[in-house]
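Chain by chain, the residues run as shown.
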Amino acid sequence: MLPDAFFDFARADRSGLLTQPPTLQSAPLVFGERVSLLGYELVDDGKWGLTRWRSFWQTQTPLPADLHLWPFAVTPDGSLADDPSQRPAIATLWYPPGRWQPGELIVVETLPWYLPQTWAPAVGLFQGSTWADLQRRWRVQGAATLFEQDTWARLAAVRRVGRHLIPLADDPPAPANAPPIATWNTPAGTTWGDLRRVAGLPPTLSRQGITITLPLTLTWQLAAPAALDLNVFLHLRDAAGHNVAQADGQPVWFGPRPFSAWAPGQAGADRRNLEAPAALKAGVYTLLIGLYSPQTGQRLPLAAGGDEVVVGTIAVK
């Protein structure tokens, strides 16, 4: 058995990691009604582009021996940028939550890593042997953006600009004084919401013999609370009317983001990657967008008529 003082490296007041007292949140995130995330900070080496992030935890009661902390990083399209499966945090290896003493302020720091240009820290807790088991994750309560039945929290996103990490707004602002690209109605005839913007669609594209991935960011604005979790369809169509690529599914923004969780009147982002085949022929292709029910396949009607809208074209050379 190691002496208790050995674990001082994980205690914020004794770790030596902190040159100044940690900045703690006024409203902590609470996991399983027992463990609190009191604050976090990003530690970035701008010269080399290496980033780590440290978080501060506390419990007021003893914790289960099989409880695990899962700090990770996600990108706008919901992809995983980093997680503890290959590079676990040192503090949780030597001093796991099951050994934390009530009242201690624990500091957990990830290993430095090359993260994408845009990413967000995220965190969850689970019991058992795998994070993939959704039923063994602890529920989160707090003000952060929550995902997958409130089993993990996404913290503030950042974007690298040169040697600096710049905070990224949770949602893009709606285009000022610009009419929506299209407005959809519910099957009952009431206004459902608008597509405000499509960003990332290039006017021309050169074939390079590999799969072409277009990262597109859609900006939506709901008129009223969404009773149904509709899917978005995004189709790239050739001159003959054939779909050559598509990206369908519920909205994603640093994690799954169903419309039922959106606040009406506030513009929200939806990121999806449209993958076009390498054998795409030269010509002009049309990008179309619409909405449909994943249960019935029925499309939502446009207020102006029809059920899909053209949002742009791409000339492939």
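Residues numbered from 1 in each chain as written. Predicted model: local features only at pLDDT ≥ 70, side-chain atom pairs only at ≥ 80, totals over all residues. Heavy atoms only, no water.

Chemist: What is the right way to look at the pattern of salt bridges in this model?
Modeler: If charged atoms from side chains of opposite charge come close, those side chains can pair. In the structure shown here, the tally under the stated rule is 16 salt bridges. R14 is the partner of D8 in a salt bridge, and the nearest nitrogen-oxygen pair spans 3.1 Å. The residue R299 makes a salt bridge to D307 at a minimum N-O spacing of 3.1 Å. According to the relative accessible area criterion, D307 is partly exposed, its value standing at 30%. (Salt bridge = Lys/Arg side-chain N within 4 Å of Asp/Glu carboxyl O. Buried < 20%, exposed > 50% of the residue type's maximum accessible area, 1.4 Å probe, protein only.)

Chemist: Would you mind going over the sheet that holds strand β19 (residues 243-246) with me for this structure?
Modeler: In any sheet, the strands associate via hydrogen bonds between backbone groups, in a parallel or an antiparallel arrangement. The five strands lie next to each other as β16-β22-β21-β18-β19, forming an open sheet whose pairing is mixed. Strand pairing shows two members of the sheet lacking a second neighbour, β16 (204-205) and β19, which therefore form its edges. Two elements, strand β18 (residues 231-237) and strand β21 (residues 283-292), share seven bridges in a ladder whose sense is antiparallel. Paired with R237 across the bridge in β21 is T286. (Pairing = 2+ DSSP bridges. Helix = DSSP H or I, 4+ residues; strand = E, 2+ residues; numbered from the N terminus.)

Chemist: Can you walk me through the packing of aromatic side chains in this structure?
Modeler: Think of a pair of aromatic rings as described by two things: how far the centres are apart, and how the planes are tilted against each other in angle. Counted under the stated rule, the structure contains 19 aromatic pairs. A centroid spacing of 6.1 Å and a plane angle of 85° characterise the contact between Y40 and W53, whose relative ring orientation is edge-to-face. Residue Y40 is located in strand β2 (residues 35-45), and its partner W53 is located in strand β3 (residues 50-59); the two are separated by 13 residues in the primary sequence. Ring pairs connect the aromatic residues W70, F72, F126, W131, F147 and W152, which therefore count as one cluster. When the ring centre of W131 is taken as origin, the NZ or CZ atom of R137, which lies over that ring, is 3.9 Å away. The cationic tip of R257 hangs over the ring face of W262; the distance from NZ or CZ to the ring centre is 4.7 Å. (Phe/Tyr/Trp six-rings, centres within 6.5 Å; stacked < 30°, edge-to-face > 60°. Lys NZ or Arg CZ within 6 Å of the ring centre and 35° of its normal.)

Chemist: What am I meant to see in the sheet that holds strand β15 (residues 191-199) here?
Modeler: Spatially, four strands are ordered β14-β15-β17-β20 in an open sheet, and the strand pairing comes out antiparallel. Two strands lie at the open edges of the sheet, namely β14 (182-185) and β20 (268-276), each paired on one side alone. Across the sheet, the axes of successive neighbouring strands diverge by a mean angle of 30°, strand direction being ignored. The sheet contact formed by strand β17 (residues 212-222) and β20 spans nine bridges and is antiparallel. Looking at the pairing, T219 lines up with A269 of β20. (Axes fitted to C-alpha atoms, helices over the stretch in contact; angles between N-to-C directions.)

Chemist: What am I meant to see in the side chain of T219 here?
Modeler: With respect to the helices and strands, the residue T219 is situated in strand β17. According to the relative accessible area criterion, T219 is buried, its value standing at 2%. Excluding residues that lie within four positions of it along the chain, T219 makes contacts with P172, D194, L195, R196, R197, A267 and G268. (Contact = heavy atoms within 4.5 Å.)

Chemist: Which parts of the structure should I look at to understand the pairing of strand β12 (residues 158-161)?
Modeler: Residues in a regular strand point their side chains to alternate faces of the sheet. The two faces of β12 differ: V158 and R160 on one face are buried, but R159 and V161 on the other face are not. Where β12 lies against strand β13 (residues 164-167), four bridges are found, and the strand directions are antiparallel. Bridging across to β13, R159 finds its partner in I166. What sits between β12 and β13 in their antiparallel hairpin is a turn of two residues, with G162 showing a positive phi close to 65°.

Chemist: Would you mind going over the environment of W70 with me for this structure?
Modeler: Mapped onto the elements, W70 comes out in strand β4 (residues 67-74). With relative accessibility at 14%, the residue W70 sits in the buried group. W70 sits twelve residues away from D82 along the chain, and the two C-alpha atoms are 11 Å apart.

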